[in-house]
Amino acid sequence: KLGAVETGSLSGLVDFAGSPSPRPQATISVRTAGTGTVIATAQSDSTDGSFSVAGLPAGTYDVRFSAASFVDSTITNVTVTPPDNTPLGTVTMRAVPKGAVRGTVTFADNPTPRPAALVIVYNAGTSTVVRSTNSSILDGTFVAGNLVAGAYDLEVRATDYVTQRRTALTVTPP
């Protein structure tokens, strides 16, 4: 006759550093240490950030926390001993660092007044617009910010001027 397998649990709190309300939700993935096999998943509470993962057999696990626009965090080699709860404390999620494309639009004929140019940022090699902004009519400067690390193409458009494109610009956040 087989008996029921005794299980334990994990619990804690996810804190999103500098995050406004409402709080994002994190996905918590419990994986067998060393193999990465997902044993269980859960979501943090959007009100207070608490989480609990129950039904875990005795073992050693890696617990991964992920949320859109935040850097993943992992706690390794967490031991679960049934029937106990293993408290993980507070896990602080940090926002993905962001960078920007900055520059100055110049016109060969140096018109007065200077027209504003539309600056469009695309994911490199695609037609997917990520950001757009206008250049300053005072000095031609522009900033297209809030970009994650990666490669981008830049297009500059102005009425009565030929569209200019720069490709494979690399953004590396500070």
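Relevant structure appears above.
This is a predicted model, so every value here is computed, not measured.

S.K.: How do you make sense of the pairing of strand E6 (residues 73-80) when you look at a structure like this?
M.R.: Remember that side chains alternate between the two faces of the sheet whenever the strand is regular. Here six bridges tie strand E5 (residues 59-66) to E6, and the two strands are oriented antiparallel to one another. Residue pairing across strands places tyrosine 61 opposite valine 78, the latter belonging to E6. Linking E5 back to E6 in an antiparallel pair, the connection comprises six residues, with serine 69 at a positive phi of about 75°.

S.K.: How should the nonpolar core be read in this particular structure?
M.R.: Side chains of a nonpolar character, in soluble globular proteins, are inclined to be buried together. One finds Leu10, Val53, Leu56, Val63, Phe65 and Met93 to be the most contacted residues of the largest nonpolar core, which totals 21 residues. Within the residue set of this core, elements represented by two or more residues are strand E1 (8-16), strand E2 (27-32), strand E3 (38-43), strand E4 (50-56), E5, E6 and strand E7 (85-93). Once residues lying within four places of it in the same chain are set aside, the contact partners of valine 63 are Leu10, Ile28, Ser29, Val30, Ser73, Thr74, Ile75, Val78 and Leu88. If you look at the next biggest cluster of nonpolar residues, it comprises 14 residues, including Phe107, Val121, Tyr152 and Ala158.

S.K.: Sorry if this is basic, but what is going on with the sheet that holds strand E12 (residues 150-157) here?
M.R.: Two strands in a sheet stick together by hydrogen bonds in their backbones, pointing the same way (parallel) or opposite ways (antiparallel). Read from one edge to the other, the open sheet built from four strands follows the order E10-E9-E12-E13, with strand pairing classed as antiparallel. Of all strands in the sheet, those bounded by a partner on one side alone are strand E10 (129-134) and strand E13 (164-171). Across this sheet, the average inter-strand angle for adjacent strands is 20°, counted without regard to direction. Note: strand E9 (residues 118-123) against E12, six bridges, orientation antiparallel. Counterpart to valine 121 in the pairing with E12 is leucine 154.

About the cut-offs
- Residues numbered from 1 in each chain as written.
- Predicted model: local features only at pLDDT ≥ 70, side-chain atom pairs only at ≥ 80, totals over all residues.
- Heavy atoms only, no water.
- Pairing = 2+ DSSP bridges.
- Helix = DSSP H or I, 4+ residues; strand = E, 2+ residues; numbered from the N terminus.
- Core = buried A, V, L, I, M, F, W, Y, C linked by side-chain atoms within 4.5 Å.
- Buried < 20%, exposed > 50% of the residue type's maximum accessible area, 1.4 Å probe, protein only.
- Contact = heavy atoms within 4.5 Å.
- Axes fitted to C-alpha atoms, helices over the stretch in contact; angles between N-to-C directions.

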